[in-house]
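Fold and contact review
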Amino acid sequence: MSEKTILQKLGVLADAAKYDASCASSGTIKRDSTGTKGIGSTGGMGICHSYAPDGRCISLLKILLTNFCIYDCRFCINRASSNVPRARFNPQEVVRLTLDFYKRNYIEGLFLSSGIIRSEDYTMEQLVEVARLLREEHRFGGYIHLKTIAGASPELIARAGLYADRLSTNVELPTEAGLKSFAPEKTSATIRKTMAGVRVGLDDAAEALRGRLLKKAKAPRFAPAGQSTQMIVGADGSRDDDILQSATSLYSGYKLRRVYYSAYSPIPDASSDLPPVRPPLIREHRLYQADWLLRFYGFSRAEIMEGADDGMLDLTIDPKLAWALQRRESFPVDINRAPREMLLRVPGLGTKAVERILMARRLGAVRLGDLAKLTASVKKVLPFITTPDWRPGGLTDSANLRARFAPRPEQMSLAL
Amino acid sequence: MREVILHRPGDFAEWRDAARGLLAAQVPPEDIVWRQADESASLFADIAPLEPKRTVTLPRALVTTLDRVICHRDPAVPTRLYKIVWRALTDRRLLERRTDDDIDWLARADKSIRRDLHKMHAFVRFRRLGEGEDGRESFAAWFEPEHRIVRLGAPFFRKRFYGMDWAILTPDARAIWQDETLTFGPGGTRDEVPDSDVVEDQWRMYYGSIFNPARVKINAMRAEMPKKYWHNLPEAQDIGPLLAGAGARVEKMRETAVQLANPRSDKWRVRGEEPAVVAQHGATTLSELAQGINACTRCPLHCNATQAVGGEGSAEARIMLVGEQPGDREDLVGRPFVGPAGQLLDDALGEAGLDRAKLYVTNAVKHFKFEPRGKRRLHQNPSTGEIDICRWWLDQERALVKPDIIVSLGGSALRGLTGKSASISSVRGQPITLAQGERLVASVHPSFLLRLPDRQRAAAERSAFVADLAAALELAKGSRT
């Protein structure tokens, strides 16, 4: 086998990395290159430099260091028993690609993951080495997201946190049973322990920051953009309830910034016991909506599940609306009087619209005609609110309220 | 009617100076016509010099917004902005009036500018011009923003690309960063910028490879990367072919779904050692016990906890401390009593004259039981059932360490040690002998002390706690002789 060119390796190792949903480059500290006179800046919201035709943002150079892997996770394109072409970058090659792309403003930084080669520690060491080269040899100030290899030693995790903005450890499947049957080499205990290690690193860094002698004293660095994880949706039999239960437990225990839900997508050379072709994209979307309700709208998992059927979210309507339809006795709410927590529960009102309403009503009553300036979804909001000149009357309790929102059955559309 | 001619569209200083003079002279919006320099002037305009009648100050937030919105391409912008500042002078809360028509317009115009800026930061594509003798590289980009935003957008690139020289050219203006100085100049043309770059092949390879053909979502892509930007994005030329080939690629995946396993994979795979099976028969050493506890699935608490937390300390300990269960920090770190309650315990041990290293410290329940609440885990008391199931491990710890004295910290520990639920007060202060022969000193859990809001009571309870520990030490000394 002849040595692959950089271009060929890039093809293989980007292809192998695309099943990791995360591409976020936000939430880290402000940095710029003025001080270092190198290149690279971060801070504020991340930037999506491009979009692929799958609608996903391209913010980072998301690649694997290698797709050789000693594990045999059935849902994974890179599992040992798969026949995909294999390739391996050396750390310098990844550094070169990252800098070349970054200088042309293609990317915000690097998201580096890897198949497991030799051992967890060896693999983690390689990832850390790339990040070290970028930061120390090239004064690179852009965003770095490193995958933490579950089971890698705490010392390596600590070093990764020193260079990376974000660390992530994928839980892959929401239940222990799922993991056992689909990822024989992984255990949720090892994964959780690794996440706990990252959380301890984050806590210790925060503690040290508070305990500084002087305000300007340099604080120790540890993954300022925190940690995240990913769950695959639809590969095993887990219900949405299981997934959200796992997510709430993870958010509470490990200070995760994000849980990513990734619809299981067919892979070349798939294992025969996995569902074929169509990835459950709408299910994935509903899970993200539910996740948002948990984090920004004050909903509990149990409440979200009130609008679900046998532990599965409604695919036709969004989870907040599904909840509201089960809880019609709580509506309509008075837009001019309701507290923020209740406004957040009105279907159609997002966090920004709620802030705008709160601001506007301090200066006078909000009327029906004002709504269009405050929210983009007036039609959706109407059955659930009152204003001095609007009452939904029987609309709130009407039997066909659901049908009003459910999209009409549509023809299957082709890709183009 | 007064006429103001603006020569530099998008230039905030020019508009601001004109507006300031007009506001000071109290010229109302309806008496002004704002014109661009290339529009024909009116013959009847008032040209008398303006006489300042008042001083003008505007809220800072408004000025920042005006500075952005002046870059908007809508020719009505200077007129509309003047109307807004005119109103702002008498209405200090104007910006908060989200339902006001002028403010609604301003918010939308500002949003459009900010979006355009964001897209500029995202979609500028540099091409390499060359490299200086000192190794400093230089790059250039051609970009066509919707509004006149080069002035606003350039500082971002200076902060990001300090270590290289660059130029961004647009039809209206150019920004140039060299010799560590940012300068602005006139608009340019596309052919001033190279038409290719060596790295573009790699970038297009990346773009094509990161695309997942099984989840085509064209509208999502176009909403965020509108077509008007495509002709300056090297990767966009591949969108058509990628979409055209997507169906066939997915079809091929379906057809080739089942294949034989990669024959070389056995060579790569190294099987991890199977965890030793201790659980069923009981451990004969503490390290064996630790392995067993680590792998425990006797009750469902292991499902959500990070790890089991077994006891730790001296195998020859005369005194064993038994708490309730690991807390948040213990669960993360994997050691007992290392959180806030552990800190209090350590202090109290010191005051009682006990050395923690010579003790054996453990819990009645080995996994953390909690209720997730947002970003925190709220401690939940273990049920009697959970305590009783976990006695399996506690009993073995007792049998292996063989302490003379056991201090129970809290009610759960009492239950775990005696198998019966009893109030602490009913057994506190009078050591009892357990069935296995150890002497039991009952006390409270240190986290109980942390929760007491009343200072005096907390101090009293703390002294009692230290006294219990000291009593345990005395008992231990007595039993040694």
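Just so we're clear, the structure is a prediction, and the values are computed from it rather than from any experiment. (Residues numbered from 1 in each chain as written. Chains lettered and ligands numbered in written order. Predicted model: local features only at pLDDT ≥ 70, side-chain atom pairs only at ≥ 80, totals over all residues. Heavy atoms only, no water.)

1. A word on helix α10 (residues 286-294) of chain B
Residues and elements named next belong to chain B. Those residues of α10 not exposed but buried are Leu289, Gly292 and Ile293. Along the axis of α10, the buried residues cluster in a sector spanning 95°; they form a single face. For α10, the secondary structure elements touched by its buried residues are α13 (384-401). (Buried < 20%, exposed > 50% of the residue type's maximum accessible area, 1.4 Å probe, protein only. Helix = DSSP H or I, 4+ residues; strand = E, 2+ residues; numbered from the N terminus. Arc of directions from axis to C-beta. Contact = heavy atoms within 4.5 Å.)

2. Brief notes about the UniProt feature "domain: Uracil-DNA glycosylase-like" (unreviewed entry) in chain B
In the numbering used here, UniProt assigns the feature "domain: Uracil-DNA glycosylase-like" (unreviewed entry) to residues 310-470 of chain B. For residues 310-470 of chain B, the end-to-end C-alpha separation is 25 Å, with 44% helix and 19% strand making up the annotated structure. (UniProt positions renumbered as here; feature names shortened; annotations may be inferred.)

3. Some words on the domain arrangement of chain B
When its domains are assigned, chain B resolves into domain 1 (2-119), domain 2 (124-192), domain 3 (202-250) and domain 4 (286-480). Measuring from the centre of the C-alpha atoms in domain 1 of chain B to the corresponding centre in domain 3 of chain B gives 41 Å. (Domains from an automatic or database assignment.)

4. Some thoughts on the pattern of salt bridges
As enumerated under the stated definition, the model contains 75 salt bridges over all chains in all. A salt bridge links aspartate 334 of chain A to arginine 337 of chain A, with the nearest nitrogen and oxygen atoms 3.9 Å apart. Between glutamate 224 of chain B and lysine 119 of chain B there is a salt bridge, with the nearest N and O atoms lying 3.4 Å from each other. Of this pair, glutamate 224 of chain B sits in helix α7 (residues 218-224) while lysine 119 of chain B is found in helix α4 (residues 101-123), placing the two residues 105 residues apart along the sequence. (Salt bridge = Lys/Arg side-chain N within 4 Å of Asp/Glu carboxyl O.)

5. Re the sheet that holds strand β14 (residues 432-433) of chain B
Residues and elements named next belong to chain B. Reading across the sheet, the six strands line up as β8-β10-β9-β13-β15-β14 and stay open at both edges, with mixed pairing between neighbours. Lying at the two open borders of the sheet, with one neighbouring strand each, are β8 (312-313) and β14. By the bridge criterion, four bridges tie strand β9 (residues 319-323) to strand β13 (residues 405-409) in an arrangement that is parallel. Paired with valine 322 across the bridge in β13 is serine 408. In the packing of α13 onto the sheet, contacts are made with β9, β10 (360-363) and β13, and the angle to β10 comes to roughly 170°. (Pairing = 2+ DSSP bridges. Axes fitted to C-alpha atoms, helices over the stretch in contact; angles between N-to-C directions.)

6. Topic: the interface of chain A and chain B
Many authors give the size of an interface as the accessible area that is lost as the parts come together. Across the contact, 90 residues belong to chain A and 93 residues belong to chain B. Taken together, the two surfaces of chain A and chain B that pack against each other cover about 7900 Å², and 58% of this comes from carbon and sulfur. Of all residues in chain A, Pro53, Arg104 and Lys373 of chain A give up the largest surface area on contact with chain B, accounting jointly for 10% of the area buried on that side. Linking chain A to chain B there are eight salt bridges. Between aspartate 101 of chain B and lysine 373 of chain A there is a salt bridge; the shortest N-O distance is 2.6 Å. Put simply, chain A and chain B have 35 residue pairs in polar contact (both at pLDDT 80 or more) between them. It is helix α6 (residues 188-210) of chain A that provides the largest number of residues to the side of chain A that touches chain B, a total of eight residues. Of the residues in the side of chain A that touches chain B, the class split is 45 nonpolar, 20 polar and 25 charged. (Buried area = accessible area lost by both parts, 1.4 Å probe. Polar contact = N/O pair within 3.5 Å; in protein donor to acceptor, adjacent residues only side chain to side chain. Nonpolar A, V, L, I, M, F, W, Y, C, P; charged D, E, K, R; others polar.)

7. A short note on the domain arrangement of chain A
What the domain assignment reports for chain A is domain 1 (6-279) and domain 2 (327-405). The C-alpha-based centres of domain 1 of chain A and domain 2 of chain A are spaced at 40 Å.

8. Notes on the nonpolar core
All names here are of chain B. Membership of the largest hydrophobic core comes to 204 residues, with the highest contact counts inside it found for Trp15 and Trp166. Tallying contributions element by element places α4 first for this core, with nine residues. Excluding anything up to four places from it in sequence, tryptophan 166 contacts Phe126, Phe139, Ala154, Phe157, Arg158, Phe161, Ala175, Ile176, Trp177 and Leu182. (Core = buried A, V, L, I, M, F, W, Y, C linked by side-chain atoms within 4.5 Å.)

9. Thoughts on the sheet that holds strand β6 (residues 173-178) of chain B
Residues and elements named next belong to chain B. With mixed pairing, the five strands of this open sheet are ordered in space as β3-β4-β5-β6-β7. Edge strands, defined here as strands with exactly one partner in the open sheet, are β3 (127-131) and β7 (181-186). Strand-to-strand, the axes of this sheet are offset by a mean angle of 15°, without reference to chain direction.

10. Some points on the packing of aromatic side chains
For the structure shown, the criterion picks out 29 aromatic pairs over all chains. Members of the aromatic cluster, each reached through a chain of ring pairs, are Tyr102 and Phe140 of chain A together with Phe126, Phe139, Phe156, Phe157, Phe161 and Trp166 of chain B. For the cation-ring pair, arginine 295 of chain A lies above tryptophan 292 of chain A, with the distance from its terminal atom to the ring centre recorded as 4.8 Å. Across from the ring centre of tryptophan 323 of chain A, 5.0 Å away, lies the NZ or CZ of arginine 345 of chain A, which sits over that ring. (Phe/Tyr/Trp six-rings, centres within 6.5 Å; stacked < 30°, edge-to-face > 60°. Lys NZ or Arg CZ within 6 Å of the ring centre and 35° of its normal.)

11. Quick look at the pairing of β3 of chain B
Residue and element names in this part refer to chain B. Across four bridges, β3 lies against strand β4 (residues 137-142) in antiparallel orientation. Residue pairing in the sheet places glycine 130 in a bridge with serine 138 of β4. Connecting β3 to the antiparallel partner β4 that follows it, the hairpin turn spans five residues, and glycine 135 within it adopts a positive phi of roughly 85°.

12. Re the pairing of β4 of chain B
Burial runs high along β4 of chain B: five of the six residues are buried. The parallel pair β4 of chain B and strand β5 (residues 165-169) of chain B, bridged by helix α5 (residues 150-160) of chain B, forms a crossover whose chirality is right-handed. (Right-handed = clockwise from strand over helix to strand, strands pointing away.)

13. A word on helix α6 (residues 200-210) of chain B
Along an α-helix, residues three or four apart share an orientation, since each turn contains 3.6 residues. Most of α6 of chain B is tucked away: eight of the 11 residues are buried. Of the residues making up α6 of chain B, those classed as buried are Glu200, Gln202, Trp203, Tyr206, Tyr207, Gly208, Ser209 and Ile210 of chain B.

14. A look at the packing of helix α7 (residues 240-254) of chain A against helix α8 (residues 281-296) of chain A
Residues and elements named next belong to chain A. Interaxial distance between α7 and α8 falls to 11 Å at its minimum, and their mutual angle equals 40°. Comparing the axis directions of α7 and α8 gives the class oblique. For the pair α7 and α8, the crossing hand works out as right-handed. Here Asp240, Ile243, Leu244, Thr248 and Tyr251 of α7 come into contact with α8, specifically with Arg283, Leu287, Ala290, Asp291, Leu294 and Arg295. A breakdown of the residues in the contact of α7 with α8 according to their chemical character gives six nonpolar, one polar and four charged. (Parallel < 35°, antiparallel > 145°, perpendicular 65-115°, else oblique. Left-handed = near helix turned anticlockwise from the far one by under 90°.)

15. Concerning the packing of helix α3 (residues 77-88) of chain B against α4 of chain B
Residue and element names in this part refer to chain B. For the pair α3 and α4, the least separation of the axes is 11 Å and the interaxial angle reads 125°. Taken together, α3 and α4 sit at an angle that is classed as oblique. The chirality of how α3 crosses α4 is left-handed. Across from Val77, Arg80, Leu81, Lys83, Ile84 and Arg87 in α3, the residues of α4 making contact are Asp102, Trp105 and Leu106. Residue classes in the contact of α3 with α4 are distributed as five nonpolar, no polar and four charged.

16. Description of the state of the cysteines
Residues and elements named next belong to chain A. What the rule picks out here adds up to zero disulfides over all chains. In this model cysteine 76 remains outside any disulfide bridge; the closest cysteine sulfur is found in cysteine 73, 6.1 Å from its own. For cysteine 76, a relative accessible area of 24% translates into the label partly exposed. (Disulfide = S-S within 2.5 Å.)

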